[in-house]
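Tertiary structure, described
Single-letter residue listing:
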Amino acid sequence: MSVVDKEKLDSAGITNVGDVLQKIPAQGNAINAQNNNGGDGSTRINLRSLGTNRTLVLLNGRRVVPSGTGADASVDFGTIPLAMIERVEVLKDGASAIYGSDAIAGVVNVITRTNMNGTEANIYTATSSQRDGTNYDLSFVTGHSSNRGNITFSGGYQQQKPVMAGERDFAKQTYSYDFTCTTEMEQAGDCTKATLTGSSSSPTGRINRMPNGGPVISIPGCTTKYCTADGNGGFRNFNLPTATSFGDNYNFQPLNYLFTPSTRVNLFSNGHYDITKNTHVFFEGQFNSRKSTQQLAEEPATLGLFGTPISKSSIYNPFGQDIVDYNRRLVEFGPRTFNQDVNTTRLVFGLNGALPEEASVVKNWKWEGSYNYGRTDATNQTHGDLIKSHLGRALGPSFIDPANGPTCGTQAAPITDGCVPLNLLNPNHVDPRAIQYLTFTGTQTGTNEQHTAQITTSGKLVDLPNHGDISLAVGGDYRFEKGSFTPDPLTSTGDTTGNAQQPTVGSYNTFEGFGELSIVPYSGGEVVKWAEINAAGRAYDYNTFGSGATGKVSGLLRVVGGVAVRGTYGNAFRAPNVAELFSGQFDGFPVLEDPCDAKPPSSKNPVVLDPMTQKACTAQGVPMGSQFGTSQQRALGGGNKQLQPEKGKVGTAGLVYEPLRGLDFTLDYWNIGIDQAITSLPVATILSQCYQGGLQPFCDQIQRDPVTHEISHIVDITQNVGSLTTSGLDFSAAYQYRNGAGTFRHAVEGTYLLKYNIDTGTIDPNTGKQQIIHGRNFYDLGVNPDLKFNIFTIWNHPSGIGAGFNFRFVNSIQECDQDNCNDPANGRRDVSAYATGDVYLDYGVKSAQGTTRVTVGMNNVAGVKPPVIYNGPALNADESAYDFMGRQFYVRLSQLF
């Protein structure tokens, strides 16, 4: 277990506890406020990079309702106010036998402050060295305690300003990378490794005058395959990007958020009251309101993807034939925005106490009964996408009506629903009425709801010789989970140029019983200081798939000299959640080139497909030599009611050495294996299984447009597939001491990854054996380097002065062509290691009014930029692993009354 106490939280200089926890070495690849394209304003935790839904989050030992835009699988840590947190316990071990489903990777238990007398107020502000991304946080905690109870209340307001991608050098423009280009080839002028890309959906448009499967279009002034508007009513050759120029491609980055804005308001309260000596009533109450926004550049109108050609009968089509393959950036329409309004409520009520001393076997046993209710209500408004059916009418046949001017339809059958013909081929000549007709504001709603009733009791059964004992804890609970996501009607039916999404609604319930037995056969000896054996078990019954059981055993032995050995072994399970079971189908657009493309964007020259790929492409009707120029493909995901729970085995073995008081070293080996993992296959795997492996079931998942032969979509629903295994070493060293200069805390904590593999349940096309995707040191499965560690030092002087620093290191990895380093034939490049440091200085002074403390600090002192990852999201980097803000200064003023 790692413990992040209040002193560590304060020294981080961050206002969201999730952002602090995302920096611990055992965590990786989780969403946060840096996720703009595909983000939702939340911050989540992903232990061992096994998925946020495999990390169980508790608040004071009890479950927390999932939060987000609806039917979510994990907790947004932004809903937990930092001011109320006493410490965070991170159990980096499977704990399904103790806590139930979702604890395969581990448990994050947030412990809040209690028994407070007085009031504490905090004012915090931070800004980057470029004076953007400013953050404001105001909070207070007040409490009163008596000899019969206590009550604590807190409130807070936080506002985060945005950072634009165009304001950072590493993000202001995007590149494609030719992994086949060596340094020698580049020096000889035969290729260019990094080429500016942007988007071929440019403001001046791009016409493919030689579309696959269609007649050649004669365009005066243009002699190449692609043409664009020349700004004078005519057309010219489309200029492709180079290493130093976007050509006619569009740089969309300046309009994209790099760090997304948000505001949060939170209220929290807890307390207890002693009804009698042995009976107490307690409660927890929580409310969080979040408003967050993401912004993307204007809509790219890609007619081939939308299936909406410009009709040869349109008054704005001068070529006399349908324009099938055309795309243009709709700069006249403004950027696309996504605005979340999420409210999370949680209430806990219960009784606890102890059995009287007069009881025989169970005297002084503790007991507790509680009811836990949580609910999230969310609204997400989107703007900037188009109504697809309206776009088809606006690009369809049109004519000039003497009374009304340009009119959609024909003179015999005019369209009278407000349609205005769209002058798409002539930029900056779009009728404002056409914009009004084509655009809409989509309103999506979602909920998460959780009910848990639980009863537990625990205590000592019997004393043993040699100062030992046997203790037992037993309990049972009932849990009900419900979630929904309701898109607007246009998004639900797919009548939009944005990502289609069908509704999600569903629920499940479970009854569970659990127990834990602790045996201490020996303690207090001269050689053996402590010996302990634990066994835990849980039985469960879900209405969605049935019943089962899980168990765990562990042991601890402490001997003379400060040496201890420990180990655990258990099986774990995770039930499919609401979204995995009941999610409607939805669109995604992974960054991947079409394997049938004879001139993909990453290649300067045409390529010759290998025989296996060419055979599969021909079987799908793709003409030889087809050129598509697409760098993203549409994937169709969704839930699966036939899912079964995934099951795993988790083992750990560790050594602890404490040679001096305050000095300790730990080393732990861990191994996690998950069978029948609930997931969707990487789209790259589906493509490789079809085109390189020649497996027809995977080719059947790839659908192509019958006219253009481009990939229209790839079916990739959630399913139980293969297995996932990961293992590694956790290490730490800590030293705390006091001398004439004050109190010092030094610590280092790290993880060395030995293995991170996914068995997809498919055949490797290169070896004919079961396909294993290796993720360690490869970007194929995210940022999973072999080594990550943190170092921190905290110093406090009796005079009230304090200081400290934090250092974080993430080792280098490799990325490869088509995001597939598991194919040894693919070219690859090194992604550099990443290291940042934070420092702070504070001073506290006591007066008649209380204690006043001022803290000033600087995060990312050296202004380190994230390493370039060309296969990363549209920022040439990875939001989940590296800091995008850059150097940041902050000031915190605290007053304790």
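For the structure, check the block above.
Residues numbered from 1 in each chain as written. Predicted model: local features only at pLDDT ≥ 70, side-chain atom pairs only at ≥ 80, totals over all residues. Heavy atoms only, no water.

1. As for the overall build of the protein chain
When its secondary structure is counted, the protein chain shows 12 helices and 45 strands. Taking 2.2 N^0.38 as the reference for a compact globule, 897 residues should give roughly 29 Å; the C-alpha atoms of the protein chain span a radius of gyration of 30 Å, in line with that estimate. For the protein chain, the residues scored as buried account for 55% of the 897 residues in total. Expressed as a percentage of contacts within the protein chain between residues at least 6 apart in sequence, the contacts between residues at least 24 apart total 69%. (Helix = DSSP H or I, 4+ residues; strand = E, 2+ residues; numbered from the N terminus. Rg over C-alpha atoms; globule rule 2.2 N^0.38 Å. Buried < 20%, exposed > 50% of the residue type's maximum accessible area, 1.4 Å probe, protein only. Contact = heavy atoms within 4.5 Å.)

2. Observations regarding the state of the cysteines
Disulfides are covalent bonds that link the sulfur atoms of two cysteine residues. Summed over all chains, the structure comprises 6 disulfides. Across the disulfide from Cys690 sits Cys699; the S-S distance is 2.0 Å. Here the S-S torsion is close to 100°, and the disulfide linking Cys690 with Cys699 is therefore right-handed. Overall, the relative accessible area of 9% leaves Cys699 in the buried class. (Disulfide = S-S within 2.5 Å.)

3. Some points on a nonpolar patch on the surface
Among the surface-exposed residues, Ile123, Leu138, Tyr157, Val265, Ile801, Leu841, Tyr843, Val845, Val854, Val856, Val891 and Leu893 lie close enough to one another that they form a single nonpolar patch of about 940 Å² accessible area. At the level of elements, strand 43 (834-847), strand 44 (850-859) and strand 45 (888-896) are the ones that each hand at least two residues to the nonpolar patch. The greatest single-element share of the nonpolar patch, amounting to 3 residues, is contributed by strand 43. Tracing the backbone shows Val845 in strand 43. What makes Val845 partly exposed here is its relative accessible area of 39%. (Patch = residues over 30% accessible without salt bridge, like charges linked within 9 Å, V, L, I, M, F, W, Y side chains within 5 Å. Areas by Shrake-Rupley, 256 points an atom, 1.4 Å probe, with all protein chains shown as cover. Salt bridge = Lys/Arg side-chain N within 4 Å of Asp/Glu carboxyl O.)

4. Quick notes on the pairing of strand 1 (residues 2-5)
Side chains of strand 1 alternate between two faces, with Ser2 and Val4 buried and Val3 and Asp5 left unburied. In the sheet, strand 1 pairs with strand 4 (residues 85-91) via 4 bridges, with the strands oriented antiparallel. Within strand 4, the position partnered with Asp5 by the bridge is Arg87. (Pairing = 2+ DSSP bridges.)

5. Considerations on the packing of aromatic side chains
According to the stated counting rule, one finds 20 aromatic pairs in the structure shown. The interplanar angle of 80° and the centroid separation of 6.2 Å between the aromatic rings of Tyr542 and Phe573 together place this pair among those described as edge-to-face. Of the two residues, Tyr542 is situated in strand 27 (residues 528-542) and Phe573 in strand 29 (residues 563-574); the sequence distance between them amounts to 31 residues. Pair check on accessibility: Tyr542 and Phe573 agree, each one buried. An aromatic cluster is defined as three or more aromatic residues linked by ring pairs; in this entry it consists of Tyr508, Tyr540, Tyr542, Phe545 and Phe573. The ring centre of Tyr177 lies 5.4 Å from the NZ or CZ of Arg829, which sits over that ring. (Phe/Tyr/Trp six-rings, centres within 6.5 Å; stacked < 30°, edge-to-face > 60°. Lys NZ or Arg CZ within 6 Å of the ring centre and 35° of its normal.)

6. What to know about the nonpolar core
By size, the foremost hydrophobic cluster in this structure holds 43 residues, and its most contacted members are Val17, Leu21, Leu47, Phe77, Ile85, Val88 and Val108. Those elements that place two or more of their residues in this core are helix 2 (17-21), strand 2 (55-59), strand 4, strand 5 (106-112), strand 33 (663-679) and strand 37 (742-763). Among residues more than four places away in sequence, those in contact with Val17 are Leu9, Phe77, Ile80, Leu82, Ile85 and Val88. Counting residues in hydrophobic clusters, the runner-up holds 31 residues, among them Ile219, Ala301, Cys408 and Leu438. (Core = buried A, V, L, I, M, F, W, Y, C linked by side-chain atoms within 4.5 Å.)

7. Side note on helix 11 (residues 683-691)
Residue pairs spaced three or four apart in an α-helix point in one direction, given the helix's 3.6 residues per turn. With 8 of its 9 residues buried, helix 11 lies for the most part within the structure. Buried residues of helix 11: Val683, Thr685, Ile686, Leu687, Ser688, Gln689, Cys690 and Tyr691, and no others.

8. What to know about the environment of Gly728
Within the element layout of this structure, Gly728 appears in strand 36 (residues 719-739). Judged by relative accessible area, which is 0%, Gly728 ranks as buried. Sequence separation between Gly728 and Pro682 is 46 residues; the distance between their C-alpha atoms is 24 Å. Excluding residues that lie within four positions of it along the chain, Gly728 makes contacts with Asp668, Tyr669, Trp670, Tyr752, Leu753 and Leu754.

9. Overview of helix 10 (residues 611-619)
For helix 10, the complete set of buried residues consists of Thr613, Gln614, Ala616 and Cys617. The arc that holds the buried residues of helix 10, viewed along the axis, is 165°, so those residues lie on one side. Away from its buried face by more than 90 degrees, helix 10 exposes Pro611, Lys615 and Ala619. Of the surrounding secondary structure, the elements contacted by the buried residues of helix 10 are helix 11. One side-chain oxygen of the residue at the start of helix 10 lies 3.1 Å from the amide nitrogen of Met612, identifying that residue as Asp610. Residue Gly621 follows helix 10 closely and has a positive phi angle near 85°. (Arc of directions from axis to C-beta. Polar contact = N/O pair within 3.5 Å; in protein donor to acceptor, adjacent residues only side chain to side chain.)

10. Focus: the pairing of strand 16 (residues 262-274)
Examined bridge by bridge, strand 8 (residues 149-160) and strand 16 share 12 bridges and lie antiparallel to one another. Bridge pairing links Thr152 to Asn270 in strand 16. Here strand 16 pairs with strand 17 (residues 279-296) via 13 bridges, running antiparallel. In the strand pairing of strand 17, Asp274 is matched with His280. Connecting the antiparallel pair strand 16 and strand 17 is a turn made up of 4 residues.

11. Describing the sheet that holds strand 34 (residues 702-704)
On the basis of which strands lie adjacent, the open sheet formed by 4 strands has the order 30-31-35-34 and mixed pairing. Either end of the sheet is taken by a strand with one partner, and the two such strands are strand 30 (586-588) and strand 34. For this sheet, the mean angle separating the axes of adjacent strands, direction not counted, is 30°. (Axes fitted to C-alpha atoms, helices over the stretch in contact; angles between N-to-C directions.)

12. Considering the pattern of salt bridges
All told, the structure shown has 42 salt bridges when counted by the stated rule. Here Glu7 and Arg745 are joined by a salt bridge, their closest N and O atoms 2.5 Å apart. Residue Glu7 is found in helix 1 (residues 6-11), and its partner Arg745 is found in strand 37; the two are separated by 738 residues along the sequence. Residue classification places Glu7 among the partly exposed residues on the basis of a relative accessible area of 27%. One network of salt bridges, with partners in common, ties together Asp477, Arg479, Glu481, Glu512 and Arg538.

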